[in-house]
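Next come the chains, spelled out residue by residue.
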Amino acid sequence: MNSVPGTATPQLAKIASRILAGSFLFEDLDPELLSQLSDQASVKRMDDGEFLFKKGAPADGLYAVEAGKVRISTVSDSGKEIVLNVLAPGAVFGEIALLDGEARTATARAVGPTRLLFISRDDFFVIFDREAPLRRHITALLCRRLRWVSDLLEDANFLDLTGRLIKRLLWLAERHGGPDPEGIRIALPLSQQELGLMLGVTREAVNKKLRDLEKRDLITRRDGRLVIRDRDGLKDLLADAIKS
């Protein structure tokens, strides 16, 4: 892993500001605070399959994906891997260990050649300790994150695989979707294995459910991407799964 340390150049700060402003972590943050954070950014480059950090590693700072992808996963005591997320360009991550200083709660690994932006924990807290508006912003973020975790627990206990898959597809369409002649194209390339790991099931199980959704004319698969053909139809099917 190669690192370019030091204060951000104007060009790098501009890139960092754009990415941070579009993230769930810093959206609607005061531009002056955003600028202060962006000025601290440096670059980390990773090769395909390279580990950024492993679960249990000490906290070092905050990351953002500029190019490539990062797989966030955890492994059970029995050795089973569960993919929590696959992060595309624009995603910001590592905020839990950044804030509490404890060990990393998951493993991060590059998928393809990847370029990351990095803000060290020390640099972040110089600004955090000085700026009350940033502290209030982060507090609100943590509340939203707790609600998200609560939703995940509910899904795991109350939804079958079809419901969980549909909810994940709608989530991906919202965050990575773009216009397509047939509907909404999910720009993020995800294999069936990666979808299965996200949902805690096998690739074969995901493939079967995707075929079922294709037969219903709700989705299609083209050029390695998923296209949502009938979002309202998926929402109706999800509503039925929630009721059952």
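Residues numbered from 1 in each chain as written. Predicted model: local features only at pLDDT ≥ 70, side-chain atom pairs only at ≥ 80, totals over all residues. Heavy atoms only, no water.

Student: Now, about the UniProt feature "domain: Cyclic nucleotide-binding" (unreviewed entry) in the protein chain: what can you tell me, with residues and values included?
Tutor: According to UniProt, the "domain: Cyclic nucleotide-binding" (unreviewed entry) feature falls on residues 25-145. Annotated as residues 25-145, this span is 31% helix and 38% strand, and its ends, taken at the C-alpha atoms, are 10 Å apart. (UniProt positions renumbered as here; feature names shortened; annotations may be inferred. Helix = DSSP H or I, 4+ residues; strand = E, 2+ residues; numbered from the N terminus.)

Student: With reference to specific residues and values, describe the side chain of Ser23.
Tutor: Here Ser23 lies in the loop between α1 (10-21) and α2 (31-38). Within the structure, the side chain of Ser23 is placed 2.8 Å from the backbone oxygen of Leu20, a separation counted as a polar contact. Excluding residues within four positions of it along the chain, Ser23 makes contact with Gly90 and Val92. (Polar contact = N/O pair within 3.5 Å; in protein donor to acceptor, adjacent residues only side chain to side chain. Contact = heavy atoms within 4.5 Å.)

Student: Account for the domain arrangement of the protein chain, naming residues and giving values.
Tutor: Along its sequence, the protein chain is organised into domain 1 (10-141) and domain 2 (159-243). On a C-alpha basis, the centroid separation for the pair domain 1 and domain 2 is 27 Å. With 11 residues of domain 1 in contact, the opposing surface of domain 2 contributes 10 residues. Carbon and sulfur atoms supply 56% of the area that domain 1 and domain 2 bury against each other, a total of about 870 Å² over both sides. The tally of links between domain 1 and domain 2 comes to zero salt bridges. For the side of domain 1 that touches domain 2, the secondary-structure elements that each account for two or more residues are β4 (61-75) and β5 (81-87). No other element matches the six residues that β5 contributes to the side of domain 1 that touches domain 2. Considering only residue class, the side of domain 1 that touches domain 2 consists of six nonpolar, one polar and four charged. (Domains from an automatic or database assignment. Buried area = accessible area lost by both parts, 1.4 Å probe. Salt bridge = Lys/Arg side-chain N within 4 Å of Asp/Glu carboxyl O. Nonpolar A, V, L, I, M, F, W, Y, C, P; charged D, E, K, R; others polar.)

Student: How would you explain unusual backbone geometry if you had to name every residue and give the values?
Tutor: Despite not being glycine, Asp28 shows a phi value in the positive range, around 70°. Looking at the element boundaries, Asp28 is found in the loop between α1 and α2. Phi at Asp217 is positive, roughly 65°, even though this residue is not glycine. On the secondary structure map, Asp217 appears in the loop between α8 (203-215) and β10 (219-222).

Student: Describe the side chain of Ser120, and please don't skip the residues or the numbers.
Tutor: By secondary structure assignment, the location of Ser120 is in strand β7 (residues 107-120). For Ser120, a relative accessible area of 19% corresponds to the buried category. Those residues in contact with Ser120 that lie beyond four places of it in its chain are Asp60 and Gly61. (Buried < 20%, exposed > 50% of the residue type's maximum accessible area, 1.4 Å probe, protein only.)

Student: An account of the sheet that holds β10 is needed here, citing residue identities and associated values.
Tutor: One open sheet holds the four strands; their spatial order is β8-β9-β11-β10, and the pairing between them is antiparallel. Strands at the two margins of the open sheet, each flanked by one partner only, are β8 (177-180) and β10. Pairs of neighbouring strands in the sheet enclose a mean axial angle of 35°, with direction left out of account. Sheet topology places strand β9 (residues 183-186) next to strand β11 (residues 225-228); two bridges connect them, and they run antiparallel. Note on β11: the bridge partner recorded for Ile184 is Ile228. The strands touched by helix α6 (residues 161-176) are β8, β9, β10 and β11; relative to β9, the strand with the most contacts, the crossing angle is about 85°. Across the sheet, α8 touches β10 and β11, and the angle it forms with β10 is around 115°. (Pairing = 2+ DSSP bridges. Axes fitted to C-alpha atoms, helices over the stretch in contact; angles between N-to-C directions.)

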